[in-house]
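Okay, here's what each chain looks like letter by letter:
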Amino acid sequence: MRVTQSMVSRMGMQQLNNQRGRLARTQEQAATGLRLNRPSDDPVDFRSALRLKDAVSQTGRYLRSIDLSRTRLHTTEEAIATSTDVVSTARATAVQAANPTNGPTAMASLRVQVEQLFDQLLDASNSRAPGGGYVFSGVASDTAAFVQTGTFVSGSPPPTVAFAGDDSAVAVEIDDGVMIDVTRSGQDVFQGSVDVFAALGQLWQAIDQNDKTLIGTANDDLKLAFDQLNLERAQIGGAEAKADSFEVRLRGQEQELATQVSVLEDADAYQVYSDLAAQEAALQASLTVTARMQQPTLLDFL
Amino acid sequence: MAGLFDTLGTATRGLSVVQSGIATTGHNIANADTPGYTRQRSLIEASLPYQTGAGTIGTGVEQISVERVVDRFIAERLVRETSRQANLDTEASIYRQIEAVVNGQQGGGLSDELTTFFDALQDLSNATDPGQSAARAQLLSAAESLVDSIHRSDSQLRSLQRDADRGITSVLAEVNAISAEIAELNQKIAAAEVSSPANDLRDQRDQLVLALAEKVEISLVTDNQGMLSIRISGGLPLVDKNIAAELQAVVDPANPNAFDPTFSQVFYNGAGSFFDATSLLRGGELGGLIEARDGIVAGAIRELDAFAFTLAESVNQVHRGGLGLVDGNAHDLFSDLSGQPNVDNAARNFGLAADVDPSQGGTLLNIAAGAAPNPVTGGPAAAPGDTAWVEQLKDLRTGSLATYLAGDVPGAPTGTTSSLVNTLGKWIGDIGQGARSAERSLAQQESVLSSVNDRRDSISGVSIDEEVAELVKLQASFQANAKVLSTISEMLDDLFAAL
């Protein structure tokens, strides 16, 4: 076969172009640290990487859900804890009031104490989450959960408290299809089988009337109220525990997914650097050879 | 018997043949780097001898002609492969550009925006303030970015398409100029070849044929006068001997482009006819641009349309089932596209629904986060803390839904059931696949073309070594002929001295 100068030069140029192209690609991988720089680098892996990256982001959002759900869980739990303290104090007051040696002044002071406890309980039942929503109003979070009618006037019946919110708990999704209640139904907590406000009111009235039997009944009701509040508090505690366990799981899942994305789209650094070195060496060799091949003709020897 | 003068004539002819050989070699060396140059060769033979009683006496050498060294088969193959190369090159370049539009690897891609949109939806269900005003605003801005991103992809693809359309017009001008030149050269070659082969004119014509092959796929027919007729696919004569036909870009309302009536169609104007030949043109840059405009880019746009339609339709469908904070009416989140005759142009028409967009007179309160009428006020709007419906919307992220394919009629999706993220991933993956195979075919074709070029150079290219060797040989031959001449001259001197 005849070999002409233009063939040699074209072949040399083509070789050099190919090598420079390969080198440019490796350089890009080294610079971006990515194996997948565009969809055509590996269409199938690129698709998987897209889906996985969305899953990473979604898992991140679930973790955020858990973080944010804590504010409502804490507010709810604290409110119930406060209410439990109120009821405990009220029971101690009831025991004190049942003492037959109490004079009228002592009874009046105990009555005022119950009035204050009643106010505290109302405050707790109308607790608001940091965002401003009433936690015991269900979805009607802009409405105060409990509304008091009337005031404490000695000789009159105690004020009543009515539930004005929505009788439901707010649920939040913390993983695909996994919901937790981040609040409790105000109705269930404060006016479930026992009406905590009514029990306190009853205690106030019994003290006001100095009716020892009624004080005993009120104390029994408060015991039931105490149990009811504790049960609700346990429920919230359960939701918190669930959130904690999912947080651990989701963190693991997030990391696992991120690793999978990295396996798909990240370049292997060692591979890239050794490729880079090898390709540079090859390019230099080609340059030397091409330069030498281009020079000699028969003329050099005549 | 031959006289001294006859031999003198033989030597003189020898010298002149050697000289013309040197001229040809010089021509070859001078054109060693000329693109498309075909090496030439002096054809010589022993001239007619004459008979004497003593035998046949030679009369020296005679030059018959100077011919080009070509292999018809390789030349035709070169034309074919050049067309294919230009075609694949155009397609690969279009794919590279489409890929840049859809590639979100450096951030800001359509897939990122879709992810952000669903993230914002999820945040809405976590907002603790009644009415979730910040989360609603965030969702709307994520939805707006998604709309912008789809519009941007659509308009970038459409501008690629418009570039291809302009490219077609300018390539046609080049095609017409080249075919006119070939027709003219045909005329010149036929006139010149009455006497001897018009080597350099043929080289010029071959170069033009290759340039034409780069523009469009052609087939060649040579007649006995040396005129070359060129046909484009479908057998249409582009150059018929010394007459060139024309290809024209025409925007004709009566004969519109199927995708966009403002695009031009390619009309064939020649041999007394004038008609739309767009579908007949294949190969080369022109075929590549037509395929890019009407096939590759149009396909990518229509798939984006189908995705945008699926997105709008599925989100709206769920959104309508939820309740906003204003009234009990069903509201859309994205503009309702179901009035379109089919899903085409959905990406362009995609937008936010007026109901939820404050800049269109709507309100964020119409975003349907709630699942039930407000239980406290008795409805019809949802309670301000009700975000239960967001879960339904969010399920669209990974949940399977009926997807539309390009050209589907609203309400009758024919695609496979898939999630939105996967549908978008498929679109991007398909483009990547196309780009990859275009790139591979191009690389393959480059090596094919280069081997054909090597073959051609091996036969028709100038080898300096060979020419220099030829030169040395001719020089020796010149010296020998000169020696004969001087010997005869001395003999004649001897004779004249004897007189």
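Residues numbered from 1 in each chain as written. Chains lettered and ligands numbered in written order. Predicted model: local features only at pLDDT ≥ 70, side-chain atom pairs only at ≥ 80, totals over all residues.

(A) How the structure looks around the overall build of chain B. Within chain B, the secondary structure is distributed over 10 helices and 13 strands. Relative to its length of 499 residues, chain B is extended, with a C-alpha radius of gyration of 38 Å against a globular reference of 23 Å. Here the C-alpha coordinates of chain B stretch approximately 150 × 45 × 35 Å along the principal axes. Out of the 499 residues in chain B, the part that is buried amounts to 43%. (Helix = DSSP H or I, 4+ residues; strand = E, 2+ residues; numbered from the N terminus. Rg over C-alpha atoms; globule rule 2.2 N^0.38 Å. Buried ≥ 20, exposed ≤ 12 C-beta atoms within 10 Å, placed from the backbone.)

(B) Highlighting the overall build of chain A. When helices and strands are counted, chain A shows seven helices and four strands. Helices and strands appear in chain A in the N-to-C order α-α-α-β-β-β-β-α-α-α-α. The dimensions of chain A, computed from C-alpha atoms along their principal axes, are 140 × 30 × 25 Å. Split into buried and exposed, the 302 residues of chain A put 40% on the buried side. Nonlocal contacts in chain A, meaning residues at least 24 apart in sequence, comprise 71% of its contacts between residues at least 6 apart. (Contact = placed C-beta atoms within 7 Å.)

(C) Representation of the environment of proline 296 of chain A within the structure. Structurally, proline 296 of chain A can be placed in the segment after helix H7 (269-294). The class for proline 296 of chain A is exposed, based on 11 C-beta atoms found within 10 Å.

(D) Inspection of the packing of helix H2 (residues 43-98) of chain A against helix H5 (residues 196-209) of chain A at higher detail. Residue and element names in this part refer to chain A. Closest axis-to-axis distance for the H2/H5 pair is 11 Å, and the angle between their directions is 25°. The orientation of H2 relative to H5 falls into the category roughly parallel. The two elements H2 and H5 meet at a crossing, and its hand is left-handed. Of the residues in H5, those in contact with Ser83, Val87, Ala90, Ala94 and Ala97 of H2 are Val196, Leu200, Leu203 and Ile207. Looking at side-chain class alone, the contact of H2 with H5 contains eight nonpolar, one polar and no charged residues. (Axes fitted to C-alpha atoms, helices over the stretch in contact; angles between N-to-C directions. Parallel < 35°, antiparallel > 145°, perpendicular 65-115°, else oblique. Left-handed = near helix turned anticlockwise from the far one by under 90°. Nonpolar A, V, L, I, M, F, W, Y, C, P; charged D, E, K, R; others polar.)

(E) A look at the sheet that holds strand S5 (residues 218-222) of chain B. Residue and element names in this part refer to chain B. Taken together, four strands build an open sheet; the order of strands is S5-S6-S7-S8 and the sheet is antiparallel. Taken across any chain shown, the strands that pair with only one partner, and hence form the sheet edges, are S5 and strand S8 (243-244). Here S5 runs beside strand S6 (residues 228-232); their pairing, made up of five bridges, is antiparallel. The partner of leucine 220 across the bridge, within S6, is isoleucine 230. (Pairing = 2+ DSSP bridges.)

(F) Spotlight on the interface of chain A and chain B. Across the boundary between the two partners, chain A contributes 51 residues, which contact 50 residues of chain B. Going through the elements one at a time, helix H1 (5-32), H2 and strand S3 (171-175) of chain A are the ones with two or more residues in the side of chain A that touches chain B. By residue number, the principal contributor to the side of chain A that touches chain B is H2 of chain A, which donates 16 residues. The class makeup of the residues in the side of chain A that touches chain B is 20 nonpolar, 19 polar and 12 charged.

(G) Broad picture of unusual backbone geometry. All names here are of chain B. Within the chain, glutamine 132 stands out as a residue other than glycine whose phi angle is a positive 40°. The residue glutamine 132 is located in the loop between helix H3 (110-126) and helix H4 (133-192) in this model. Residue classification places glutamine 132 among the buried positions, given that 29 C-beta atoms sit within 10 Å.

(H) Geometry of the confidence of the model for chain A. Within chain A, residue pLDDT values average 90, and 100% of them lie at 70 or more. When pLDDT is averaged over each element of chain A, helix H6 (residues 212-265) of chain A comes out on top at 92 and S3 of chain A at the bottom at 88. (pLDDT = per-residue confidence, 0-100.)

(I) Focus on the pairing of S6 of chain B. Residues and elements named next belong to chain B. Because side chains alternate across S6, one face comprises the buried residues Leu228, Ile230 and Ile232, and the other comprises Ser229 and Arg231, none of which is buried. Between the antiparallel neighbours S5 and S6 lie five residues, among them glycine 226 with a positive phi of about 90°. Summarising the sheet, S6 and strand S7 (residues 236-240) pair through three bridges and their orientation is antiparallel. When the bridges of S7 are listed, arginine 231 appears paired with proline 237.

(J) Focus on the packing of H3 of chain B against H4 of chain B. Residue and element names in this part refer to chain B. At their nearest, the axes of H3 and H4 sit 9 Å apart, and the two run at 165° to each other. For the element pair H3 / H4, the angle class is roughly antiparallel. Between H3 and H4 lies a crossing whose hand is left-handed. In this structure, H3 uses Leu110, Glu113, Leu114, Thr116, Phe117, Ala120, Leu121, Asp123 and Leu124 to contact H4, whose residues at the interface are Ala135, Arg136, Gln138, Leu139, Ala142, Ala143, Ser145, Leu146, Ser149, Ile150 and Ser153.

(K) Layout of the nonpolar core. Leu200 and Leu203 of chain A together with Ile98, Ile182, Val297 and Ala308 of chain B are the most contacted members of the largest nonpolar core, which totals 170 residues. With 20 residues, H4 of chain B is the single largest residue contributor to this core. Contact partners of leucine 203 of chain A, with chain neighbours within four places excluded, come to Ala90, Ala94, Val114, Ile215, Ala218 and Leu222 of chain A. (Core = buried A, V, L, I, M, F, W, Y, C linked by C-beta atoms within 7 Å.)

(L) Quick peek at the sheet that holds strand S11 (residues 273-276) of chain B. Residues and elements named next belong to chain B. Strand order across the open sheet formed by three strands is S9-S10-S11, with antiparallel pairing between neighbours. The open sheet has two edge strands, strand S9 (246-250) and S11, and neither has a second partner. Across the sheet, the mean angle from the axis of one strand to that of its neighbour is 25°, orientation sign disregarded. As paired strands, S9 and strand S10 (residues 265-270) are joined by five bridges and run antiparallel to one another. Bridged to leucine 247 within S10 is tyrosine 268. Along the sheet face, H4 touches S9 and S10 and points at about 160° away from the line of S9.

(M) Highlighting H5 of chain A. All names here are of chain A. Compared with an ideal rise of 1.5 Å per residue, which puts 14 residues at 20 Å, H5 spans 20 Å between its outermost C-alpha atoms and is within 8% of the ideal. Burial of H5 is extensive: 12 of the 14 residues sit out of reach of the surface. Along H5, the residues classified as buried are Val196, Phe197, Ala199, Leu200, Gly201, Gln202, Leu203, Trp204, Gln205, Ala206, Ile207 and Asp208. The inward-facing, buried residues of H5 abut H2, helix H3 (104-125), strand S2 (160-163), helix H4 (186-191) and H6. (Expected span 1.5 Å × (residues − 1).)

(N) Looking closely at the confidence of the model for chain B. Residues with a pLDDT of 70 or more make up 100% of chain B, whose mean pLDDT is 91. For this predicted complex, the interface score ipTM comes out at 0.84, alongside a pTM of 0.87.

(O) Broad picture of the environment of aspartate 123 of chain A. All names here are of chain A. Here aspartate 123 shows up in helix H3. The class for aspartate 123 is partly exposed, based on 14 C-beta atoms found within 10 Å. Taking C-alpha positions, aspartate 123 is 8.6 Å from alanine 79, a pair spaced 44 residues apart along the chain.

(P) View of the environment of glycine 104 of chain B. Residues and elements named next belong to chain B. Topologically, glycine 104 is positioned in the loop between helix H2 (72-102) and H3. Residue glycine 104 is classed as buried on the basis of its C-beta count, with 21 C-beta atoms lying within 10 Å. Spatially, the C-alpha atom of glycine 104 lies 49 Å from that of isoleucine 459, the residues being 355 residues apart in sequence.

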